[in-house]
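What follows is each chain in one-letter form.
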Amino acid sequence: TGFFRTAQVNGRWWLVTPDGHPFFSNGLNHVTPIGTVDKNGHAAYHDAIITKYGSESAWAAAQVVRFGTWGVNSLGGWSDVGLFDGRGVPYTITLSLSGQNSGTGRMADFWSPGWVSSVQSSTASAAAGRANDPWLLGYFLDNELHWTKDWRPTEQLDFYLQRGAAEPGKVHLVDWLKT
């Protein structure tokens, strides 16, 4: 097809490369030259790669070579895919449609027309310019969504109960509970 796709081959589902071969994505998430920023806003890893490679682009070229020796063949979510354009590396895009606050776990109001508009806008923006890109593997919709208690004490049901009486999610929840 000229694009990554899925197909059943000999009874097993596979990703299939743009030129028609079965593909097992062995990718890494968060491939970026920034690294962890400390409390003072300093990114020591970024400083080190600039010192060693001279530029982020040269660093990306070196990573493609390094990944080949490691058997890494794709870029997962949260990677700086723009640095790898034109380097023949399959990649994914992370959409984060839930609007989740990772610290609290609170998500957007899924019954709100504003959430629907936000999803339409963010997906259109993420897809812009990618319709003809054969290296795009696909999209992550979201990651590690917080539905019930974990290290964050508040569940989604509680977040909806805390919403204002006229908010669409709260209206939906109250109607559902009455029913």
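Residues numbered from 1 in each chain as written. Predicted model: local features only at pLDDT ≥ 70, side-chain atom pairs only at ≥ 80, totals over all residues. Heavy atoms only, no water.

Attention now goes to the side chain of Gln156. Following the sequence through the fold, Gln156 ends up in helix α4 (residues 156-162). The class of Gln156 is buried, set by a relative accessible area of 4%. A polar contact of 3.5 Å, which involves the side chain of Gln156, links it to the backbone nitrogen of Met107. (Helix = DSSP H or I, 4+ residues; strand = E, 2+ residues; numbered from the N terminus. Buried < 20%, exposed > 50% of the residue type's maximum accessible area, 1.4 Å probe, protein only. Polar contact = N/O pair within 3.5 Å; in protein donor to acceptor, adjacent residues only side chain to side chain.)

What follows concerns the sheet that holds strand β1 (residues 5-9). Pairing within the open sheet is antiparallel, and its 3 strands lie in the order β1-β2-β3. Of all strands in the sheet, those with a lone pairing partner are β1 and β3 (22-23), marking the two edges. (Pairing = 2+ DSSP bridges.)

Moving on, we get to the pairing of strand β7 (residues 136-140). Bridge count for strand β6 (residues 91-94) against β7 is 4 bridges, and the pairing is parallel. Bridging from a neighbouring strand, Thr94 pairs with Phe140 of β7.

Next up on the list: the pattern of salt bridges. The tally for this structure, following the rule as stated, stands at 2 salt bridges. Of the charged contacts in the structure, one is a salt bridge between Asp150 and Arg152, with a shortest N-O distance of 2.7 Å. (Salt bridge = Lys/Arg side-chain N within 4 Å of Asp/Glu carboxyl O.)

Bringing a nonpolar patch on the surface into the picture now. A grouping of Leu157, Leu161, Trp176 and Leu177 is seen on the molecular surface, where their side chains present a nonpolar patch of about 440 Å² in accessible area. When residues of the nonpolar patch are traced back to their parent elements, those giving at least two are α4 and α5 (168-178). In this fold, Trp176 is placed in helix α5. Exposure remark for Trp176: the relative accessible area of 58% places this residue in the exposed category. (Patch = residues over 30% accessible without salt bridge, like charges linked within 9 Å, V, L, I, M, F, W, Y side chains within 5 Å. Areas by Shrake-Rupley, 256 points an atom, 1.4 Å probe, with all protein chains shown as cover.)

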